[in-house]
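Fold and geometry: a report
Take a look at the letters that make up each chain.
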Amino acid sequence: MSDTLTIRLSDELAKALRRAAREAGIPRGELVRRAIAERLRRSESPSVMSRHFGTMRGPADLSTNKAYRRAWLC
């Protein structure tokens, strides 16, 4: 490890961290490292919306031209 971070936890959070680490069978520091890594991984991945932008093919006015909607009713 190359960096150290010191944080203050509320009594409730410290108790929950001890319990979770004990249940997982890993040290508290390892549990915190995994939680931070997972959080950072999720924030770096594309959002649901950005994964789907630009994936539809069709006329440029598909969302505004009512003629297309009339065709769907048939």
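Refer to the preceding data block for the structure.
Residues numbered from 1 in each chain as written. Predicted model: local features only at pLDDT ≥ 70, side-chain atom pairs only at ≥ 80, totals over all residues. Heavy atoms only, no water.

**Quick look at the overall build of the protein**
Looking only at helices and strands, the protein features four helices and zero strands. Taken from N to C terminus, the helices and strands of the protein fall in the order α-α-α-α. Going through the 74 residues of the protein one by one, you find that 5% of them count as buried. Put simply, the protein shows about 7200 Å² of open surface, and 56% of that area lies on carbon and sulfur atoms. (Helix = DSSP H or I, 4+ residues; strand = E, 2+ residues; numbered from the N terminus. Buried < 20%, exposed > 50% of the residue type's maximum accessible area, 1.4 Å probe, protein only. Areas by Shrake-Rupley, 256 points an atom, 1.4 Å probe, with all protein chains shown as cover.)

**Considerations on helix 1 (residues 11-24)**
Taking 1.5 Å per residue, 14 residues should reach 20 Å; helix 1 reaches 20 Å between its end C-alpha atoms and fits that length. Inspection of helix 1 places A14, L17 and A21 among the buried residues, and these make up the whole buried set. Down the axis of helix 1, the sector holding all buried residues measures 60 degrees, keeping them to one side. Facing away from the buried side of helix 1 by over 90 degrees, the exposed positions are D11, E12, K15, R22 and E23. (Expected span 1.5 Å × (residues − 1). Arc of directions from axis to C-beta.)

**Description of the packing of helix 1 against helix 2 (residues 28-44)**
Between helix 1 and helix 2, the shortest axis-to-axis distance is 9 Å and the interhelical angle comes to 95 degrees. Of the possible angle classes, the one that applies to helix 1 and helix 2 is roughly perpendicular. Residues L17, R18, A20 and A21 of helix 1 lie in contact with helix 2, whose contacting residues are R28, L31 and V32. Its residues assigned to classes, the contact of helix 1 with helix 2 shows five nonpolar, no polar and two charged. (Axes fitted to C-alpha atoms, helices over the stretch in contact; angles between N-to-C directions. Parallel < 35°, antiparallel > 145°, perpendicular 65-115°, else oblique. Contact = heavy atoms within 4.5 Å. Nonpolar A, V, L, I, M, F, W, Y, C, P; charged D, E, K, R; others polar.)

**Quick word on a positive patch on the surface**
A cluster of like positive charges, contributed by K15, R18, R19, R22 and R28, occupies part of the molecular surface. If one sorts the elements of the positive patch by residue count, helix 1 sits on top with four residues. Mapped onto the secondary structure, R28 falls in helix 2. (Patch = residues over 30% accessible without salt bridge, like charges linked within 9 Å, V, L, I, M, F, W, Y side chains within 5 Å. Salt bridge = Lys/Arg side-chain N within 4 Å of Asp/Glu carboxyl O. Lys, Arg positive; Asp, Glu negative; His and termini not counted. Charge placed at Lys NZ, Arg CZ, Asp CG, Glu CD.)

**Things to note about the environment of L31**
For L31, the position within the fold is in helix 2. For the pair L31 and L17, spaced 14 residues apart in sequence, the C-alpha to C-alpha distance is 8.1 Å.

The values reported here are purely geometric and, on their own, carry no functional implication.
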